[in-house]
Amino acid sequence: MIVAVVFDDAGKDADIIEIDKSVLDNIGIHKFEFCKWMFDKNNKHRYWRKTSNGSMYCAYRAEAFLEWLRDSGIDENAKLIEECASNIGNLPIIKF
């Protein structure tokens with residue numbers, strides 16, 4: 001199933017991905033588990049960034065969610081269709 005992952009309220013900052021329909025059907029659970037993984041400071045993933053004052057934050061787009069879906073065995077075929085899409089049309093939306 002092709003969906004848009006939206007990162008802003010206006011829907012202008014979006015990636016288009018392909019995921020299994022079951023992922024979308026259970027998106028609340030998957031987003032919760034993904035965010036637990038993403039923001040766990042003991043998790044040494046590549047999305048951590050450090051500010052000039054030394055505090056840490058995560059910088060990610062849909063590829064991080066797709067990587068988590070694949071690595072966790074939830075959807076091994078999840079893939080990125082388009083990053084920073086200019087037009088998401090009427091696609092179903094996952095909002096981060």
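Quick note: structure is the one above.
Keep in mind that what you see is a predicted model, and the values were worked out from it rather than measured.

1. Structural notes on helix α3 (residues 62-71)
The element α3 is extensively covered by neighbouring structure, given that 7 of its 10 residues are classed as buried. In this structure, the buried side of α3 is in contact with β1 (2-6), β2 (14-18), α1 (21-25), α2 (27-38) and β5 (79-85). Positive phi appears at G73, one or two residues downstream of α3, with a value of about 80°.

2. Here we look at the side chain of D15
Within the secondary structure, D15 sits in strand β2. Engagement of the side chain of D15 in a polar contact is seen with the side chain of R61, the distance being 2.7 Å. Engagement of the side chain of D15 in a polar contact is seen with the backbone nitrogen of A62, the distance being 3.1 Å. Those residues in contact with D15 that lie beyond four places of it in its chain are V3, A4, V5, F7, R61, A62, L80, E82, E83 and C84.

3. Some details on the pattern of salt bridges
Inspection of the entire model under this criterion finds 8 salt bridges. Ionic pairing is found between D13 and R61, a salt bridge with its closest N-O pair at 2.8 Å. Within this pair, whereas D13 is found in the loop between β1 and β2, its partner R61 is found in the loop between β4 (56-58) and α3, the two being separated by 48 residues in sequence. Judged by relative accessible area, which is 27%, D13 ranks as partly exposed. For R70, the salt bridge is made with E63, and the minimal N-O distance between the two is 2.6 Å. When its relative accessible area of 26% is taken as the criterion, R70 is described as partly exposed. Owing to a relative accessible area of 25%, E63 belongs among the partly exposed residues under this scheme. Here the salt bridges share partners, and the residues they tie into one network are D13, D15 and R61.

What counts and what doesn't
Residues numbered from 1 in each chain as written. Predicted model: local features only at pLDDT ≥ 70, side-chain atom pairs only at ≥ 80, totals over all residues. Heavy atoms only, no water. Buried < 20%, exposed > 50% of the residue type's maximum accessible area, 1.4 Å probe, protein only. Helix = DSSP H or I, 4+ residues; strand = E, 2+ residues; numbered from the N terminus. Contact = heavy atoms within 4.5 Å. Polar contact = N/O pair within 3.5 Å; in protein donor to acceptor, adjacent residues only side chain to side chain. Salt bridge = Lys/Arg side-chain N within 4 Å of Asp/Glu carboxyl O.

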